[in-house]
Amino acid sequence: MDARVLDLFCSGNGHGSGSQGATANGKSGNGSGAPSKKASLKSKKSKSRLSRHFKPSNNTPYLPPEAEEGNIEYKLKLVNPTQYRFEHLATQMKWRLQEGGGEAVYQIGVEDNGMLVGLSDEELRASLKTLHLLAKKVGADITVLREQQVDYDFDVSRKIAEVLIRKVPDDQQFLDLRVAVLGNVDSGKSTLLGVLTQGELDNGRGRARLNLFRHLHEIQTGRTSSISFEILGFNTKGEVINYSESRTAEEICESASKMITFIDLAGHHKYLKTTIFGLTSYCPDFAMLVVSANTGIAGTTREHLGLAMALKVPIFIVISKVDLCTRATVERTVRQLERVLKQPGCNKVPMVIGSKDDAVTAVQQFVQSPNITPIFTLSSVSGESLDLLKVFLNVIPPLSNSKEQEELMEQLTEFQVDEIYSVPGVGTVVGGTLYSGICREGDPLVVGPTDSGQFHKLSIGSIQRNRSACRVLRAGQAATLALGNFDRSLLRKGMVMVSPEMNPTICWRFEAEIVLLFHAKTFHKGFQVTVHIRNVRQTATVEAVYDTEELRTGEKAVVLFKFIKHPEYLKVGAKVLFREGLTKGIGHVTMLQPITQYQMRDEER
C-alpha cells in the first residue's frame, strides 16, 4: 500500500506538481493493447483507399491501439458490406456488448492501430446506417455521442464519430453501477441526488433532498446520518428514466438498460464509521466527491478523498452550489482542488468538464487511466451543467470485464449481510452484496458466524434488486433476500451467507501488513482500533507488531490483530482499514489463525 496517501489524512495542504490536464487523443497508462486478433470476427476485405494511400505525419492524432478485450471497437468505415461481412460484424457486435455488460462504444473512421483517418460526410452517413442495421439485428439501439472533424489538408472534410450501442441483456439483467457519494457536511450531496433522481430542480432550501432521508432527525437537521440508496436509470437510447411522470422504482427497473445506484453517505465527522462501512461493504464501482463552491475543501473532504484512494475506488469530483458564487470564487475552488489532486499523496490529473465533448472524452480517459480525475461544476438550483454529469454517467462503463465476472460466478455462493429488516407479511429480510457465485430463489445456504463460530441453515425466499423482483442474483450485484420466518436475533451485520459446500475460514486472530496513515504518538501492542474489512466492522486489539516495538506515522509493519467480541469470516488479501480517533491505517490481510472446528446447526435446534 502506498504510504503517500497519508498526506490526505494530515492537516497540511501539500503542494505538488503535475500535468495540467488530459487531451482527447493522448495515450494513457494502460492503452497499449495490441491490435485486435479476432480474425474470425473481422473481415479483412474492406479497406479504404484512403488508408492505403494515406501517409501519416508527425502530427497525426492517434487513439490507443484497439484492444481485443473490452467493449470498445474501432471501425474505419462500414459502407455497403456484403451479407457475409454483415454477419461477421453482427457477431462482433454481440461480443463487444457481452464484454461491456450490454453496452459498447464504436469509433467510426479509426484504424485498428488507433490512427484517426476520418470519413467523408457521405461515407459517415452510410457507416452509421450500417451500424444502425447491425444494432437492430442484435436487439440494441445506437446513440451518436459526438462527431469530430479531422484535418489532413484534403479538399473534402473528414470526420470521425463515436457511437454508443446499448441493449437490454437477454436475461434481463440490466447493467448496474454503484456510485458512492462522498463530501463534507452541507456540500449538497443529498440535494444533488434528489435533483438527479427526481427530475426536478431544488428550490434553494433543500426540497429536493427530503425524499432521500430515512429518519426524522435527518429531515429536521438536513444532514444525512445513515446510508441511503437512490437509482437513476438510462434506456437503450441514453435517455434518463427517473421518478418524474409518476414512475415507480419497479417501472424504472423494467424500462432501464443501465442503472446507476447512488450510495448516499454521511458527511459529518461523527458519522465517519457509517461512511467507511458504506465504502468497504457495498463495493462501489466509483466515488463521486461533492465539494461546495463557496466553502472549497473543508471538513471531511480531504479525509473522504483519502479513504476512496486508500480503497482504490476511482474518483470524480462535482463542485456544487455554483449559483451562490461568482465565477472567480468557483475558479478559486477549482484551483484549490487541482493543487490537492496534483500533490504527491494523490498524483492525480484533474480534468475540468466544460462541454458535452469534454464529458465523453473524460469517460475515455477516466477508464483508461486511474490518475485522470474529471471535475464538474454545476448547480442543483439553476441546473447549470447538470446535463454534462448525466452524459458522463450515461457513457461510463463497468471497470470489470466479462471474463472476471464469469470467474466470480463459477465460485461457490457468498453473500455479505449488510442490513437486516423485519417486513410485515414477509418476515426477516437481509440486504447486501453477492460477492461470488449465483443465488436463486429456494437455494439452501448457511449463515454465520455466531459468537461461538456456528452457522445456521436457511433457505432463500424471494429476491429483489433495486426494489424490483429478481429470480437470479449474480456475483457483484446488490439485493435484498427474504428469509421467511428465520429468527432475526440470530443475524447481525458482518455475517455471510455461504454455500453449504464451502468450508468458511472463521478466526479470532489475523495478521495484516499495514501502513499507519496518521497517529499522534506511537502505535504499539495493546492498542485498540475499529477494524473495517469488507462488511466486517469490529473493535480489535493489537496483540503484536512484528520486527519493531512501535510504529509512527508513515511506517509499515505486519501486525497481529484479535477481535474482542466474536470471530469473523475473513479472506487472505482482503483490504483492511482501521481507525481510532485521529489514528488511521490501511493494509491487507496476510494470514489467518482459523478456529480449528466450527459447528453448523439447523436453526430449529
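Residues numbered from 1 in each chain as written. Predicted model: local features only at pLDDT ≥ 70, side-chain atom pairs only at ≥ 80, totals over all residues. Heavy atoms only, no water.

**Side note on the sheet that holds strand β9 (residues 286-292)**
Thinking step 1. Strand order across the open sheet formed by eight strands is β7-β6-β8-β5-β9-β10-β12-β11, with mixed pairing between neighbours. Two strands lie at the open edges of the sheet, namely β7 (240-241) and β11 (349-352), each paired on one side alone.
Thinking step 2. For β11 and strand β12 (residues 372-377), the ladder comprises four bridges, and the chain directions are parallel. What sits directly across from Val-352, in β12, is Ile-375. (Pairing = 2+ DSSP bridges. Helix = DSSP H or I, 4+ residues; strand = E, 2+ residues; numbered from the N terminus.)

**Some thoughts on the sheet that holds strand β2 (residues 103-108)**
Thinking step 1. In space, the four strands of this open sheet follow the order β1-β2-β4-β3, with mixed pairing throughout. Both edges of this open sheet fall to β1 (72-75) and β3 (141-150), since each of them pairs with a single strand only. Each neighbouring strand pair of the sheet contributes to a mean axis angle of 20°, computed without reference to strand direction.
Thinking step 2. Judged from the nine bridges that link them, β3 and strand β4 (residues 158-166) form a sheet pairing that is antiparallel. Across the sheet, residue Ile-142 finds its bridge partner in β4, namely Ile-165.
Thinking step 3. The sheet strands contacting helix α2 (residues 83-99) are β1, β2 and β4, and the helix crosses β2 at an angle near 130°.
Thinking step 4. Contacting β2, β3 and β4, helix α3 (residues 121-137) runs over the sheet at an angle of about 10° to β4. (Axes fitted to C-alpha atoms, helices over the stretch in contact; angles between N-to-C directions. Contact = heavy atoms within 4.5 Å.)

**Quick word on the packing of aromatic side chains**
Thinking step 1. If you walk through the whole model with that rule in mind, you get 13 aromatic pairs.
Thinking step 2. With a centroid separation of 5.2 Å and 70° between ring planes, the pair formed by Phe-376 and Phe-392 is classed as edge-to-face. In this pair, Phe-376 sits in strand β12 while Phe-392 sits in helix α11 (residues 386-395), placing the two residues 16 residues apart along the sequence. Accessibility classification places Phe-376 together with Phe-392 in one group, the buried group.
Thinking step 3. Their ring planes at 25° and their centres at 5.3 Å tell us that Phe-510 and Phe-561 sit as a pair that is stacked. Note that Phe-510 is positioned in strand β23 (residues 506-518) and Phe-561 in strand β28 (residues 556-563), a separation of 51 residues in sequence.
Thinking step 4. The class of Phe-510 is buried, set by a relative accessible area of 0%.
Thinking step 5. Among the residues examined, Phe-561 registers a relative accessible area of 0% and is labelled buried. (Phe/Tyr/Trp six-rings, centres within 6.5 Å; stacked < 30°, edge-to-face > 60°. Buried < 20%, exposed > 50% of the residue type's maximum accessible area, 1.4 Å probe, protein only.)

**Let's talk about helix α4 (residues 189-198)**
Thinking step 1. Within α4, 10 of the 10 residues are buried, leaving the element largely enclosed by the surrounding structure.
Thinking step 2. Listing the buried residues of α4 in full gives Lys-189, Ser-190, Thr-191, Leu-192, Leu-193, Gly-194, Val-195, Leu-196, Thr-197 and Gln-198.
Thinking step 3. Close packing links the buried residues of α4 with β5 (175-183), β6 (228-234), β8 (258-264), β9, β10 (315-320) and α11.
Thinking step 4. Within two residues after α4, Gly-199 carries a phi angle of roughly 80°, on the positive side.

**Focus: the confidence of the model for the protein chain**
Thinking step 1. Predicted confidence across the protein chain gives a mean pLDDT of 82, with 82% of residues reaching 70 or more.
Thinking step 2. Overall, residues 8-58 carries pLDDT values under 50, and its contacts beyond four positions in sequence, including any with other chains, amount to 109 contacts.
Thinking step 3. Here residues 598-605 is a poorly scored stretch, pLDDT under 50, and it has 22 contacts once near neighbours within four places are set aside; other chains count. (pLDDT = per-residue confidence, 0-100.)

**Thoughts on the pairing of β10**
Thinking step 1. Among the six residues of β10, six are classified as buried, and the element is accordingly described as predominantly covered.
Thinking step 2. Neither face of β10 is open: one carries Ile-315, Ile-317 and Ile-319, the other Phe-316, Val-318 and Ser-320, and all of them are buried.
Thinking step 3. By the bridge criterion, six bridges tie β9 to β10 in an arrangement that is parallel. Residue pairing in the sheet places Leu-289 in a bridge with Ile-317 of β10.
Thinking step 4. Pairing between β10 and β12: three bridges, direction parallel. Along β12, the bridge assignment pairs Ile-319 with Thr-377.

**Some words on a nonpolar patch on the surface**
Thinking step 1. Among the surface-exposed residues, Tyr-421, Val-423 and Val-426 lie close enough to one another that they form a single nonpolar patch of about 210 Å² accessible area.
Thinking step 2. Mapped onto the elements, Val-426 comes out in the loop between β13 (414-423) and β14 (427-436). (Patch = residues over 30% accessible without salt bridge, like charges linked within 9 Å, V, L, I, M, F, W, Y side chains within 5 Å. Areas by Shrake-Rupley, 256 points an atom, 1.4 Å probe, with all protein chains shown as cover. Salt bridge = Lys/Arg side-chain N within 4 Å of Asp/Glu carboxyl O.)

**A short note on the packing of α2 against α3**
Thinking step 1. Where α2 contacts α3, the axes come no closer than 9 Å and their chain directions differ by 65°. Between α2 and α3 lies a crossing of right-handed hand. Contact with α2, carried on its side by Phe-86, Glu-87, Leu-89, Ala-90 and Met-93, involves Thr-130, Leu-131, Leu-133, Leu-134, Ala-135 and Lys-137 of α3 and no other residues of that element.
Thinking step 2. The residue inventory of the contact of α2 with α3, partitioned by class, reads eight nonpolar, one polar and two charged. (Left-handed = near helix turned anticlockwise from the far one by under 90°. Nonpolar A, V, L, I, M, F, W, Y, C, P; charged D, E, K, R; others polar.)

**Considering the side chain of Thr-280**
Thinking step 1. Its location among the elements puts Thr-280 in helix α7 (residues 272-281).
Thinking step 2. Its relative accessible area of 9% is what places Thr-280 among the buried residues.
Thinking step 3. There is a polar contact of 3.4 Å between the side chain of Thr-280 and the backbone oxygen of Phe-277.
Thinking step 4. The contact partners of Thr-280, leaving out residues within four places of it in the chain, are Leu-311, His-532 and Arg-534. (Polar contact = N/O pair within 3.5 Å; in protein donor to acceptor, adjacent residues only side chain to side chain.)

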